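# Understanding the architecture of this molecule
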Amino acid sequence: MKEMSSTMPSGQQPQKHYGITSAISLAPPREIDHQYTKKLCDAMKPFGVFEDEEELNHRLAVLGKLNNFVKEWIAEISELKNLPPSAISCVGGKIFTFGSYRLGVHTKGADIDALCVAPRHVERSDFFQSFFEKLKQHEEIKDLRAVEDAFVPVIKFKFDGIEIDLLFARLALQSIPDNLDLRGDSILRNLDIRCIRSLNGCRVTDEILYLVPNKENFRLTLRAIKLWAKRRGIYSNMLGFLGGVSWAMLVARTCQLYPNAVAATLVHKFFLVFSKWEWPNPVLLKQPEDSNLNLPVWDPRVNPADRYHLMPIITPAYPQQNSTYNVSTSTRTIMSEEFKYGLSVTDEILQGKAEWSKLFEPPNFFQKYKHYIVLTASASTEENHLEWIGLVESKIRVLVGNLERNEYITLAHVNPQSFPGSKENRNENDFVSMWFIGIIFKKVENAESVNIDLTFDIQSFTDTVYRQANNINMLKDGMKIEATHVKKKQLHQYLPPEVLQKKKRSIAELNRSSNGGSSKRLSLDSSHLDSSRDTDSGTPFNSPTSKPSKPASDTDDRCDVLIVYVKLISVSCSNFATLSPPYPEEPPLKAKPPSPPSSSSISSSVKPTATSSPREEPNGLEDSINGAPSKRPHSPTQEDPTKRPKNTERLPSMELPDASSPLPASNSCRVVKNSIKLALNRHK
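Sequence order as written defines residue numbering, which begins from 1 separately in each chain. Only residues with pLDDT of at least 70 are given local features in this predicted model, and only at 80 or more are side-chain atom pairs given and counted; all residues enter the totals for whole chains, interfaces and linings. Hydrogens and water molecules were not included; the side-chain quantities draw on all heavy atoms of the structure.

## Structural notes on helix H10 (residues 329-350)
Taking 1.5 Å per residue as the helical rise, H10 with its 22 residues ought to reach 32 Å, and the 32 Å between its terminal C-alpha atoms agrees with that figure. Strands are runs of DSSP state E lasting at least two residues, helices are runs of H or I lasting at least four, and both sets are numbered from the N terminus onward. Downstream of H10 by a residue or two, glycine 352 has a phi angle that is positive, lying close to 75°. Each helix should span, by expectation, one fewer than its residue count multiplied by 1.5 Å.

Structure (structure tokens):
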């Protein structure tokens, strides 16, 4: 890390600062800044972001037990592998934490991300076999499950009520001392890639803490920004927004630029800095260093693919990676608007014109757009459903990318919150989850009608999901995906009135919802945010605002997209013994009528205007983003397969299977396609 010093006025000692540039301001906090910081803390308390002393001590006790448990297991393995008693007595082993708990910003009921570090004679197979069996016999451990074939292999469990995600790394050391420091790059030598990935979380977290001038100011600011991001619906790495580590790095960079500021000032400066940031310039906490270990790092000078990342935020530990490779044109546009809105609100707060509670008011997503795509995932049992929606949710960003590349779509905004299916729109015995994607279409002038066919966009998404599910042997009878286009006025057929018309709840209700359960995957009847790998549970996501502000993306009332041509695709799988090439023939099945019926056909009289080229609806959102994926010149139909463009979206290889992977066979996978005919028009 490169440290520099700046000259302070009045002959004071020069102050060290952190990062790749000089600080913007070294001004110390004023008394009023401390007062605003206290008010900020008071505003966050109802949301359950602070853990009390008893809960904190309980976590420490659980981690202490787990650490002893690991040492005991490693000693047993060492004995089985015939190590001498003198070596067994000092072989060690240690549990490290990372993520929100290590950063000191975890919320009530949040899980703990942990890493088991073992010496070189302990194999990964030992961890997933003998250690897993040892955990199974422990009476305080519940809900034990191993995910050995994940990109970062993990064992998940509850230890005395606390959820823990435990990774494994085997170091090239004879023993693991209690004072082991993972920050040095030399520790990565001679390790396999899975161990390097597992170590990465700890190394990044420790480096972030090392690179901030004041840890307490950093933590309080990060708590506020994480709460704001969750409340505004932009906290989800999986869906193309930012996850916990990315928000932490943005806050850390703000702290570097204002090293003496307290939390209230830092929150305001956070919005000031990133509302004006010129993406895709990367955010860096330190100058990247090459450790000559020949590991792949983020470097657009060397890797052409890195040049297309839209919002690069680079991890500070070697090997440096972009933590935001999932960000798309739409999600960056949405987050950029939120930064600007946050700046305007904090301006008001620091001028005494508003309270901090205004910053945490959620937008009303269901009043924001005129058009939505409802994505429904269903399964016949609760266990299958939890598995199925985890996979579907992890691929929703593929659908968003497909929609973004459609010539007539300006923006596709996925709401990270999932909802249980309404009784009217599902079979009685099905378990259903729904996601909503807000769509802004471009206006077309001087055109009687423009057909937009989203069949290919949706079909390629469902193909991706089913191919992945087939590859990992997840597909089971009753697992289905459906995509339906609806207008805002039809949302009441899917969602209860209290979701569509949010009324202000009391602080007591907020407290109840913030303490309501510590499970990562909330119940199907809950309207809270569904599971996300980087979402702390315990923080209420969707409590309503009393005075929702007019959304920036609301369209002009004189302009409306009336009809869009979509084919509803519903796929149901029952037998997966045989495989067929991609894009199986459609079986001769009777088409299932779309649900609800009102979404299948919409029409209205229109009056054309002067020009014929499509242009964006006035929506207040920027779409002129450098490096954005190119739009398709037309919307291909199924009758014109030769004109189908190739899917050019770049996604990391670990997220998608190889394109040549076969789809489930057509005789075992029912594909039901229904047409929803709409047209893009304008009227006065």
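## Some points on the pairing of strand E13 (residues 480-487)
With eight of eight residues buried, E13 is to be regarded as a mostly interior element. The side-chain alternation of E13 yields two buried faces, one formed by Lys480, Glu482, Thr484 and Val486 and the other by Ile481, Ala483, His485 and Lys487. In this sheet, E13 lies alongside strand E8 (residues 371-379) in antiparallel orientation, the contact comprising eight bridges. Opposite threonine 376, over in E13, you have glutamate 482 as the bridge partner. Remark: exposure states derive from per-residue accessible area (1.4 Å probe, protein chains only) relative to the maximum for the residue type, with buried under 20%, exposed over 50%, and partly exposed in between. Pairing between two strands requires that DSSP report at least two bridges joining them.

## A word on the nonpolar core
Nonpolar cores were defined as sets of buried Ala, Val, Leu, Ile, Met, Phe, Trp, Tyr and Cys residues, with membership established by side-chain atoms within 4.5 Å. Counting 116 residues, the largest nonpolar core has Phe218, Trp228, Trp247 and Trp388 as its most contacted members. Considering each element in turn, this core owes the most residues, nine residues, to helix H12 (residues 382-404). In this structure, tryptophan 388 is in contact with Ala377, Ser378, Val465, Tyr466, Ala469, Met474, Leu475, Met479, Lys480 and Ile481, ignoring residues within four places of it in sequence. Counting residues in hydrophobic clusters, the runner-up holds 29 residues, among them Val62, Ala114, Ala118 and Ile162. Contacts are assigned to residue pairs with any non-hydrogen atoms lying within 4.5 Å of each other.

## Considerations on the environment of valine 204
Topologically, valine 204 is positioned in helix H6 (residues 193-210). Take valine 204: its relative accessible area is 3%, and that puts it in the buried class. When the C-alpha positions of valine 204 and proline 319 are compared, they lie 9.7 Å apart, and in sequence the two are 115 residues distant. Beyond its immediate chain neighbours, meaning those up to four positions away, valine 204 contacts Val245, Thr315, Pro316 and Ala317.

## Focus: helix H2 (residues 53-80)
In an α-helix, one turn spans 3.6 residues, which is why side chains three or four residues apart end up on the same side. Compared with the 40 Å implied by 1.5 Å per residue over 28 residues, the 41 Å span of H2 between its first and last C-alpha is a close match. Taken residue by residue, H2 has Arg59, Val62, Leu63, Leu66, Asn67, Phe69, Val70, Trp73, Ile74, Ile77 and Ser78 as its buried positions. Between a side-chain oxygen at the N-terminus of H2 and the backbone nitrogen of glutamate 54 the separation is 3.2 Å; the capping residue is aspartate 52. Just downstream of H2, asparagine 82 is the residue with a positive phi angle, here 65°. Whenever two N or O atoms come within 3.5 Å, that pair is a polar contact, provided that in protein one can donate a hydrogen and the other can accept it, and provided that, for residues adjacent in sequence, both atoms are side-chain atoms.

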